Amino acid sequence: MIRPVIVFASFGASTQEMHEKSIAPIIREIGKAFPNFVIVEAYTSAFIRRRLKNEGIEMLSLEEQLEELCQKGVREVYVQPAHLTPGEEYEKKILEAAKLFYARFAVLKVGEPVFFRQNDTKNDDIACGLSAIFPDFASDEEEAVVLLGHGSPHRHNPIYMFMQEWADKQGLPIHIGVIEETDTPNFAMVLERLRKSGKKHVLLAPLLLTSGIHIIEDMAGDTPESWKNRLRQAGFFVRLDMHSLGERTAFRHLYIKKLKRLIGENS
(Lines give C-alpha, C1' and ligand atoms only; values in the text may rest on other atoms or scores of the structure.)
Protein backbone atom coordinates (compact mmCIF):
# COMPACT_ATOMS: atom_id res chain seq x y z
CA MET A 1 0.00 0.00 0.00
CA ILE A 2 1.39 3.40 -1.02
CA ARG A 3 1.60 5.77 1.91
CA PRO A 4 0.13 9.30 1.80
CA VAL A 5 2.55 12.15 1.19
CA ILE A 6 3.18 15.55 2.77
CA VAL A 7 4.88 18.05 0.44
CA PHE A 8 6.68 20.80 2.34
CA ALA A 9 6.79 23.58 -0.25
CA SER A 10 9.16 26.44 0.50
CA PHE A 11 10.65 29.32 -1.46
CA GLY A 12 13.91 27.41 -1.13
CA ALA A 13 17.39 27.59 0.34
CA SER A 14 20.28 28.50 -1.94
CA THR A 15 22.93 26.63 0.09
CA GLN A 16 23.06 23.31 1.88
CA GLU A 17 24.08 25.08 5.08
CA MET A 18 20.99 27.30 4.90
CA HIS A 19 18.79 24.25 4.31
CA GLU A 20 20.29 22.36 7.24
CA LYS A 21 19.84 25.29 9.62
CA SER A 22 16.36 26.43 8.70
CA ILE A 23 14.40 23.89 6.63
CA ALA A 24 15.76 20.45 7.53
CA PRO A 25 14.71 20.78 11.22
CA ILE A 26 11.12 21.45 10.11
CA ILE A 27 11.18 18.41 7.81
CA ARG A 28 12.47 16.21 10.63
CA GLU A 29 9.81 17.41 13.06
CA ILE A 30 7.06 16.89 10.51
CA GLY A 31 8.34 13.35 9.99
CA LYS A 32 8.19 12.65 13.73
CA ALA A 33 4.70 14.12 14.04
CA PHE A 34 3.37 12.17 11.03
CA PRO A 35 5.16 8.80 10.99
CA ASN A 36 2.64 7.24 8.61
CA PHE A 37 3.36 9.80 5.88
CA VAL A 38 6.19 10.20 3.39
CA ILE A 39 7.67 13.71 3.58
CA VAL A 40 9.06 15.33 0.42
CA GLU A 41 10.07 18.87 -0.51
CA ALA A 42 9.40 21.35 -3.31
CA TYR A 43 11.02 24.73 -4.02
CA THR A 44 8.90 27.47 -5.55
CA SER A 45 11.86 29.68 -6.51
CA ALA A 46 13.00 28.98 -10.08
CA PHE A 47 16.14 31.03 -9.43
CA ILE A 48 17.18 28.85 -6.50
CA ARG A 49 16.36 25.64 -8.37
CA ARG A 50 18.56 26.74 -11.30
CA ARG A 51 21.38 27.72 -8.99
CA LEU A 52 21.30 24.39 -7.20
CA LYS A 53 21.09 22.49 -10.50
CA ASN A 54 24.31 24.16 -11.60
CA GLU A 55 25.86 22.68 -8.45
CA GLY A 56 24.50 19.21 -9.22
CA ILE A 57 21.57 19.38 -6.78
CA GLU A 58 18.11 18.66 -8.20
CA MET A 59 15.16 20.27 -6.42
CA LEU A 60 11.66 20.00 -7.85
CA SER A 61 9.05 22.71 -8.21
CA LEU A 62 5.65 21.94 -6.73
CA GLU A 63 4.27 21.05 -10.17
CA GLU A 64 7.21 18.72 -10.84
CA GLN A 65 6.86 17.12 -7.42
CA LEU A 66 3.13 16.53 -7.85
CA GLU A 67 3.68 15.07 -11.33
CA GLU A 68 6.29 12.70 -9.93
CA LEU A 69 3.94 11.60 -7.15
CA CYS A 70 1.24 10.96 -9.75
CA GLN A 71 3.60 8.77 -11.73
CA LYS A 72 4.44 6.79 -8.58
CA GLY A 73 0.76 6.08 -7.98
CA VAL A 74 0.35 8.17 -4.84
CA ARG A 75 -3.33 8.88 -4.20
CA GLU A 76 -3.29 11.13 -1.12
CA VAL A 77 -1.23 14.33 -0.91
CA TYR A 78 -1.11 17.26 1.52
CA VAL A 79 0.83 20.37 0.54
CA GLN A 80 2.05 22.50 3.42
CA PRO A 81 3.48 25.86 2.33
CA ALA A 82 6.50 27.12 4.23
CA HIS A 83 5.63 30.66 3.13
CA LEU A 84 4.90 33.09 5.93
CA THR A 85 2.14 35.12 4.27
CA PRO A 86 -0.56 34.62 1.61
CA GLY A 87 1.24 36.71 -0.97
CA GLU A 88 1.97 36.39 -4.67
CA GLU A 89 4.37 33.47 -4.25
CA TYR A 90 1.75 31.45 -2.36
CA GLU A 91 -1.03 32.28 -4.81
CA LYS A 92 0.90 31.71 -8.04
CA LYS A 93 3.41 29.02 -7.10
CA ILE A 94 1.29 27.01 -4.64
CA LEU A 95 -2.42 27.45 -5.28
CA GLU A 96 -2.22 27.72 -9.06
CA ALA A 97 0.17 24.77 -9.30
CA ALA A 98 -2.13 22.60 -7.17
CA LYS A 99 -5.16 23.43 -9.35
CA LEU A 100 -3.60 21.47 -12.19
CA PHE A 101 -3.60 18.27 -10.16
CA TYR A 102 -6.82 18.11 -8.13
CA ALA A 103 -8.44 15.67 -10.56
CA ARG A 104 -5.39 13.39 -10.58
CA PHE A 105 -5.35 12.48 -6.87
CA ALA A 106 -8.03 10.95 -4.68
CA VAL A 107 -7.07 13.55 -2.06
CA LEU A 108 -5.08 16.72 -2.65
CA LYS A 109 -5.26 19.44 -0.01
CA VAL A 110 -3.26 22.66 0.30
CA GLY A 111 -2.51 24.18 3.70
CA GLU A 112 -2.23 27.76 4.83
CA PRO A 113 0.83 29.99 5.22
CA VAL A 114 1.93 30.59 8.80
CA PHE A 115 0.37 34.07 9.05
CA PHE A 116 -3.04 33.56 7.45
CA ARG A 117 -5.96 33.56 9.91
CA GLN A 118 -6.88 36.58 12.00
CA ASN A 119 -9.99 35.69 13.96
CA ASP A 120 -9.21 36.45 17.65
CA THR A 121 -9.41 32.76 18.61
CA LYS A 122 -6.80 30.34 19.94
CA ASN A 123 -5.97 29.59 16.29
CA ASP A 124 -5.35 33.24 15.34
CA ASP A 125 -2.16 33.03 13.29
CA ILE A 126 -0.93 36.53 14.11
CA ALA A 127 -1.18 35.88 17.85
CA CYS A 128 0.23 32.34 17.66
CA GLY A 129 3.07 33.33 15.34
CA LEU A 130 4.31 36.40 17.17
CA SER A 131 3.83 34.70 20.54
CA ALA A 132 6.09 31.89 19.31
CA ILE A 133 8.78 34.35 18.25
CA PHE A 134 8.81 36.96 21.01
CA PRO A 135 9.90 34.79 23.99
CA ASP A 136 13.21 34.18 22.19
CA PHE A 137 14.07 37.85 22.53
CA ALA A 138 14.98 38.40 26.14
CA SER A 139 15.01 42.17 26.07
CA ASP A 140 14.97 44.63 28.92
CA GLU A 141 12.46 47.46 29.28
CA GLU A 142 14.79 49.89 27.54
CA GLU A 143 15.09 47.82 24.35
CA ALA A 144 12.78 47.80 21.35
CA VAL A 145 12.54 44.79 19.04
CA VAL A 146 12.55 45.29 15.27
CA LEU A 147 11.45 42.26 13.25
CA LEU A 148 12.47 42.51 9.62
CA GLY A 149 10.44 40.67 6.99
CA HIS A 150 10.77 40.55 3.24
CA GLY A 151 7.77 42.43 1.90
CA SER A 152 6.71 42.40 -1.74
CA PRO A 153 7.92 44.49 -4.69
CA HIS A 154 4.66 43.85 -6.53
CA ARG A 155 1.90 44.72 -4.08
CA HIS A 156 1.38 45.62 -0.45
CA ASN A 157 0.84 42.69 1.90
CA PRO A 158 -1.48 43.75 4.77
CA ILE A 159 -0.33 40.88 7.00
CA TYR A 160 2.58 42.95 8.28
CA MET A 161 0.18 45.69 9.30
CA PHE A 162 -1.99 43.13 11.13
CA MET A 163 1.11 41.88 12.97
CA GLN A 164 1.94 45.41 14.09
CA GLU A 165 -1.62 46.05 15.24
CA TRP A 166 -1.63 42.87 17.33
CA ALA A 167 1.75 43.66 18.92
CA ASP A 168 0.57 47.18 19.78
CA LYS A 169 -2.64 45.84 21.37
CA GLN A 170 -0.54 43.50 23.53
CA GLY A 171 1.75 46.34 24.56
CA LEU A 172 4.79 44.54 23.16
CA PRO A 173 7.82 46.63 22.13
CA ILE A 174 7.76 45.07 18.65
CA HIS A 175 8.17 47.07 15.45
CA ILE A 176 7.59 45.28 12.13
CA GLY A 177 9.52 46.33 9.03
CA VAL A 178 10.11 44.99 5.52
CA ILE A 179 13.19 44.99 3.33
CA GLU A 180 11.40 45.95 0.11
CA GLU A 181 11.35 49.75 0.07
CA THR A 182 8.31 49.76 -2.22
CA ASP A 183 6.27 47.93 0.42
CA THR A 184 5.34 48.95 3.94
CA PRO A 185 6.15 49.23 6.79
CA ASN A 186 9.44 50.50 5.35
CA PHE A 187 12.50 51.83 7.16
CA ALA A 188 11.16 55.38 7.48
CA MET A 189 7.97 54.14 9.15
CA VAL A 190 9.87 51.93 11.59
CA LEU A 191 12.27 54.75 12.39
CA GLU A 192 9.37 57.07 13.20
CA ARG A 193 7.86 54.47 15.56
CA LEU A 194 11.20 53.95 17.30
CA ARG A 195 11.69 57.67 17.84
CA LYS A 196 8.20 57.97 19.30
CA SER A 197 8.92 55.05 21.65
CA GLY A 198 11.76 56.98 23.27
CA LYS A 199 13.96 53.88 23.40
CA LYS A 200 17.53 54.13 22.18
CA HIS A 201 18.40 50.42 22.25
CA VAL A 202 17.16 48.12 19.48
CA LEU A 203 17.25 44.35 19.04
CA LEU A 204 17.16 43.72 15.28
CA ALA A 205 16.06 40.23 14.19
CA PRO A 206 14.75 38.56 11.03
CA LEU A 207 11.11 37.76 10.31
CA LEU A 208 12.37 35.34 7.67
CA LEU A 209 12.21 31.55 7.50
CA THR A 210 15.74 30.94 6.26
CA SER A 211 19.11 32.51 6.93
CA GLY A 212 20.68 34.03 3.85
CA ILE A 213 21.58 37.20 2.01
CA HIS A 214 18.64 39.18 3.43
CA ILE A 215 19.85 38.56 6.97
CA ILE A 216 23.58 38.72 6.28
CA GLU A 217 23.51 41.80 4.04
CA ASP A 218 20.18 43.65 4.05
CA MET A 219 19.66 43.37 7.81
CA ALA A 220 23.13 43.05 9.34
CA GLY A 221 25.58 43.95 6.58
CA ASP A 222 28.46 46.39 6.82
CA THR A 223 27.23 48.63 3.99
CA PRO A 224 25.57 51.97 4.79
CA GLU A 225 22.30 50.62 3.34
CA SER A 226 21.85 47.80 5.87
CA TRP A 227 19.18 48.25 8.52
CA LYS A 228 21.79 47.81 11.22
CA ASN A 229 23.87 50.74 10.00
CA ARG A 230 20.89 52.93 9.12
CA LEU A 231 19.58 52.53 12.65
CA ARG A 232 23.01 53.24 14.12
CA GLN A 233 23.34 56.29 11.91
CA ALA A 234 19.99 57.44 13.31
CA GLY A 235 21.44 57.29 16.82
CA PHE A 236 20.31 53.86 18.07
CA PHE A 237 22.37 51.21 19.78
CA VAL A 238 21.73 48.02 17.80
CA ARG A 239 21.98 44.43 19.02
CA LEU A 240 21.62 41.66 16.44
CA ASP A 241 19.88 38.30 16.56
CA MET A 242 20.84 36.43 13.37
CA HIS A 243 18.67 33.35 13.88
CA SER A 244 16.04 32.68 11.22
CA LEU A 245 12.52 31.58 12.10
CA GLY A 246 13.33 28.07 10.93
CA GLU A 247 15.92 27.86 13.70
CA ARG A 248 13.34 28.60 16.41
CA THR A 249 11.69 25.53 17.94
CA ALA A 250 8.39 27.19 18.88
CA PHE A 251 8.02 28.64 15.40
CA ARG A 252 8.69 25.30 13.71
CA HIS A 253 5.86 23.79 15.72
CA LEU A 254 3.41 26.14 13.95
CA TYR A 255 3.81 24.02 10.81
CA ILE A 256 2.82 20.91 12.75
CA LYS A 257 -0.34 22.67 13.94
CA LYS A 258 -1.15 23.73 10.39
CA LEU A 259 -0.72 20.20 9.11
CA LYS A 260 -2.83 18.66 11.85
CA ARG A 261 -5.64 21.02 10.92
CA LEU A 262 -5.17 20.29 7.22
CA ILE A 263 -5.09 16.52 7.56
CA GLY A 264 -7.84 16.44 10.14
CA GLU A 265 -6.04 15.32 13.26
CA ASN A 266 -6.75 16.98 16.57
CA SER A 267 -4.21 19.67 17.42
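Residues numbered from 1 in each chain as written. Predicted model: local features only at pLDDT ≥ 70, side-chain atom pairs only at ≥ 80, totals over all residues. Heavy atoms only, no water.

J.: Please give an account of unusual backbone geometry that cites residues and values.
T.: Omega for the peptide link from T184 to P185 comes to 5 degrees, which places this bond in the cis form. In this structure, P185 sits in the loop between β6 (174–178) and α7 (187–197). (Helix = DSSP H or I, 4+ residues; strand = E, 2+ residues; numbered from the N terminus.)

J.: Explain the side chain of K258 to me, using residue names and the numbers behind them.
T.: Within the secondary structure, K258 is located in helix α10 (residues 249–263). Classification of K258 by relative accessible area gives buried; the value is 7%. When near neighbours in sequence (up to four residues on either side) are disregarded, K258 contacts Q80, E112, P113, V114, F116 and D125. (Buried < 20%, exposed > 50% of the residue type's maximum accessible area, 1.4 Å probe, protein only. Contact = heavy atoms within 4.5 Å.)

J.: Talk me through helix α4 (residues 88–99); I want residue IDs and the actual numbers.
T.: Its 12 residues give α4 an end-to-end C-alpha distance of 16 Å, which sits within 8% of 16 Å, the value for a rise of 1.5 Å per residue. Of the residues making up α4, those classed as buried are Y90, I94, A97 and A98. Looking straight down α4, one finds its buried side chains confined to an arc of 110 degrees; they lie on one side. Turning to α4, the residues buried within the fold contact β1 (5–10), α3 (62–71), β3 (76–81) and β4 (107–110). (Expected span 1.5 Å × (residues − 1). Arc of directions from axis to C-beta.)

J.: Talk me through the sheet that holds β6; I want residue IDs and the actual numbers.
T.: Paired through backbone hydrogen bonds, the strands of a sheet run either parallel or antiparallel to each other. Read from one edge to the other, the open sheet built from 4 strands follows the order β6-β5-β7-β8, with strand pairing classed as parallel. With partners counted over all chains shown, the strands left at the sheet margins are β6 and β8 (237–240), one partner each. The average undirected angle you get between the axes of adjacent strands in this sheet is 30 degrees. One ladder, built from 4 bridges, connects strand β7 (residues 201–206) with β8; its direction is parallel. (Pairing = 2+ DSSP bridges. Axes fitted to C-alpha atoms, helices over the stretch in contact; angles between N-to-C directions.)

J.: Now, about the pattern of salt bridges: what can you tell me, with residues and values included?
T.: Taken as a whole and judged by the stated rule, the model has 16 salt bridges. With its nearest N and O atoms 4.0 Å apart, the salt bridge here joins E20 to R28. Looking at E20, the relative accessible area reads 40%, which means it is partly exposed. Here D136 and R248 are joined by a salt bridge, their closest N and O atoms 3.1 Å apart. Placement of D136 in the loop between α5 (125–133) and β5 (143–149) and of R248 in the loop between β8 and α10 is noted, with a sequence separation of 112 residues between them. Residue classification places R248 among the buried positions, given a relative accessible area of 5%. Beyond isolated ion pairs, a larger network of salt bridges with shared partners links E112, D125, K258 and R261. (Salt bridge = Lys/Arg side-chain N within 4 Å of Asp/Glu carboxyl O.)

J.: Lay out the environment of K199 with the relevant residues and their values.
T.: Mapped onto the secondary structure, K199 falls in the loop between α7 and β7. Residue K199 is classed as buried on the basis of its relative accessible area of 18%. Taking C-alpha positions, K199 is 39 Å from Q80, a pair spaced 119 residues apart along the chain. Leaving out residues up to four positions away in the same chain, K199 has contacts with E141, E142, E143, A144, P173, L194 and F236.

J.: So what about the sheet that holds strand β2 (residues 38–43)? Which residues, and what values?
T.: A sheet is described by the order of its strands in space; here 4 strands give the open sequence β2-β1-β3-β4, paired in parallel fashion. With partners counted over all chains shown, the strands left at the sheet margins are β2 and β4, one partner each. The mean angle between the axes of side-by-side strands here comes to 20 degrees, regardless of whether they run parallel or antiparallel. Relative to β2, β1 runs parallel, the two being bridged by 6 bridges. Bridged to F8 within β2 is E41. Along the sheet, α3 makes contact with β1, β2, β3 and β4, crossing β2 at roughly 145 degrees.

J.: Go over the side chain of H83, please, and point to the residues and values.
T.: The residue H83 is located in the loop between β3 and α4 in this model. On the basis of relative accessibility, which here comes to 9%, the residue H83 falls in the buried class. Separated by 3.2 Å, the side chains of H83 and T44 make a polar contact. The residues contacting H83, other than those within four sequence positions of it, are A9, S10, F11, T44, E89, I94, P113 and V114. (Polar contact = N/O pair within 3.5 Å; in protein donor to acceptor, adjacent residues only side chain to side chain.)

J.: Provide a residue-level description of the nonpolar core, including the pertinent values.
T.: Grouped burial of nonpolar side chains is what soluble globular proteins tend to show. In terms of nonpolar packing, the biggest core is built from 49 residues, with F115, I133, L147, M163, F251 and Y255 touching the most fellow members. Looking at this core, the element that brings in the most residues is α10, giving 7 residues. Once you skip the residues sitting within four places of it in the chain, M163 turns out to touch F115, I126, L130, I176 and L207. (Core = buried A, V, L, I, M, F, W, Y, C linked by side-chain atoms within 4.5 Å.)

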